[in-house]
Amino acid sequence: MSRNPAARTAFGPMVLAAVEQHEPTDRRLVDDDLAELFLPAPLRRLVAASASAVARRALIGASEWTGPGLWANLACRKRFIDEKLAEALDQIDAVVVLGAGLDTRAYRLNRRVRKPVFEVDLPVNIARKAKTVRRVLGELPLSVRLVALNFEHDDLLTALAEHGYLPDYRAFFIWEGVTQYLTEEAVRTTMEGLRPTAPGSRLVFTYVRRDFIDGTNRYGTRTLYRSVRGRKPLWHFGLSPEEVATFLDRYGWRLVEQLGPDELFERYVAPTGRKLETSQVEWTAYAEKV
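For the structure given in this document, a descriptive report is provided here. (Residues numbered from 1 in each chain as written. Predicted model: local features only at pLDDT ≥ 70, side-chain atom pairs only at ≥ 80, totals over all residues. Heavy atoms only, no water.)

1. Describing the sheet that holds strand β2 (residues 117-121)
Overall, mixed pairing links the 7 strands, which are arranged β3-β2-β1-β4-β5-β7-β6 in an open sheet. Across the chains shown, the open sheet's two edge strands, defined by having one partner strand only, are β3 (144-148) and β6 (253-259). Averaged over neighbouring strand pairs, the angle between their axes works out to 20 degrees when direction is ignored. Inspection of the sheet shows β2 paired to β3 by 5 bridges, in the parallel sense. Residue pairing across strands places V117 opposite V144, the latter belonging to β3. Contacts from helix α4 (residues 70-88) reach β1 (94-98), β4 (171-175), β5 (202-208), β6 and β7 (282-289) within the one sheet, and its direction differs from that of β7 by about 15 degrees. (Pairing = 2+ DSSP bridges. Helix = DSSP H or I, 4+ residues; strand = E, 2+ residues; numbered from the N terminus. Axes fitted to C-alpha atoms, helices over the stretch in contact; angles between N-to-C directions. Contact = heavy atoms within 4.5 Å.)

So, in structure tokens, the structure goes:
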């Protein structure tokens, strides 16, 4: 197990996605039939136990106690990203997953098309991913390239190029659940590094609100705030929703759509009839390179 706290966060979102598969189809927030398989054995046992509706409600309840609304946010952001990627498939040449963790999107996509997918993450996570994929699928698909990189120190496009990424690719960049773990310098360096990407490329990313990071508004999540902004802060970077368009424009991207808690609830949670809150803490933005 890595001593890097950020590296250990790869498990939580995949546990959530796996647990969601035990919900009836019409109540499920996200579809991911590989999520459980990609987890280590102890977490697979936890997910298996959640087949019981009582155990599942208890698990979701524990998550809500830590950060009210985050269960729905994390599940719905995955659903939103999957939808945007599906819509863009005919207009892109490659997919780049920044901070891939144990995400299964590349392997689910491989069933449909053979576009190159570049999974980028810390070396410890890339090593874990390679081992996991071989355990589950037998071998790494030829269309998927694993790229070890530290966003705080390494040049993104150089690392991608070393694994076959071409500068004229219209790429779909996915930066999910990552930016808050980086310093502002690393986020801006990454955005600057993406400036040369081809027009028509897409970027979907999540961010934590700046007023949560600076402690101005904790949005009723005292336990979460203490764990990520306590004596040894785990989260560092934030944005305000009203500044996202300007932030993107500075690096040559146009904001297309932005989803906060109200939009997530109306689009994804309300149709299921589930009584889940959504959180103000995290938002999702979708942009196009101009």
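2. Examining helix α10 (residues 222-229)
Taken as a whole, α10 has its buried residues at L224, Y225 and V228. Here the buried residues of α10 occupy an arc of 100 degrees about the axis, which is enough to place them on one side. α10 presents R222 and R226 as exposed residues on the side facing more than 90 degrees away from its buried surface. (Buried < 20%, exposed > 50% of the residue type's maximum accessible area, 1.4 Å probe, protein only. Arc of directions from axis to C-beta.)

3. Structural notes on the packing of aromatic side chains
All told, the structure shown has 14 aromatic pairs when counted by the stated rule. Note on F118 and Y165: the rings are 5.6 Å apart at their centroids and 75 degrees apart in plane angle, and the pair reads as edge-to-face. Taken together, the residues span a long stretch of sequence, with F118 in strand β2 and Y165 in the loop between α7 (156-161) and β4 at a distance of 47 residues. Residue F118 is classed as buried on the basis of its relative accessible area, which comes to 0%. What makes Y165 buried here is its relative accessible area of 6%. A ring pair is formed by F173 and W253, whose centres lie 6.4 Å apart and whose planes are at 85 degrees; its orientation type is edge-to-face. Taken together, the residues span a long stretch of sequence, with F173 in strand β4 and W253 in strand β6 at a distance of 80 residues. Residue class for F173 comes out buried when judged on its relative accessible area of 0%. (Phe/Tyr/Trp six-rings, centres within 6.5 Å; stacked < 30°, edge-to-face > 60°.)

4. Looking at the layout of surface pockets
Looking at the second largest pocket, its volume works out to about 220 Å³. Residue lining of the second largest pocket: 12 residues in total, with F11, P40, R128, K131 and T132 positioned closest to the centre. Put simply, the parts of the chain that give the lining of the second largest pocket at least two residues each are α2 (41-49) and α6 (123-137). For the lining of the second largest pocket, the leading source of residues is α6, giving 4 residues. (1 Å grid on protein atoms, 1.4 Å probe; cavity = no way out; pocket = protein on both sides within 12 Å on 5 of 7 lines; lining within 4 Å. Points joined across faces, edges and corners; volume = space filled by probe spheres on them.)

5. Considerations on the nonpolar core
Membership of the largest hydrophobic core comes to 58 residues, with the highest contact counts inside it found for L85, V95, Y107, F172, I174, F212 and W235. Looking at this core, the element that brings in the most residues is α4, giving 10 residues. Formed by 36 residues, the second largest nonpolar core is a distinct cluster that contains L149, V187, F237 and F247. (Core = buried A, V, L, I, M, F, W, Y, C linked by side-chain atoms within 4.5 Å.)

6. Comments concerning the pattern of salt bridges
What the rule picks out here adds up to 27 salt bridges. For the salt bridge of E23 with R27, the shortest nitrogen-to-oxygen distance reads 3.5 Å. For E23, a relative accessible area of 2% gives the class buried. Where D82 meets R105, a salt bridge forms, and the shortest distance between an N and an O atom there is 2.6 Å. Of this pair, D82 sits in helix α4 while R105 sits in helix α5 (residues 105-109); the two residues are 23 residues apart in sequence, bridging distant segments of the chain. Residue classification places R105 among the buried positions, given a relative accessible area of 4%. The network of salt bridges with shared partners includes D32, R77, K78, D82, D103, R105, R108, E176 and E282. (Salt bridge = Lys/Arg side-chain N within 4 Å of Asp/Glu carboxyl O.)

7. Brief notes about the packing of α4 against helix α12 (residues 261-269)
The contact between α4 and α12 brings their axes to 10 Å, and the two run at 70 degrees. For the element pair α4 / α12, the angle class is roughly perpendicular. Between α4 and α12, the residues in contact are A72, N73, C76, R79, F80 and E83 and L264, R267, Y268 and V269, respectively. When grouped by side-chain class, the residues that make up the contact of α4 with α12 number 6 nonpolar, 1 polar and 3 charged. (Parallel < 35°, antiparallel > 145°, perpendicular 65-115°, else oblique. Nonpolar A, V, L, I, M, F, W, Y, C, P; charged D, E, K, R; others polar.)

Remember that the coordinates give geometry; whether it matters functionally is a separate question.
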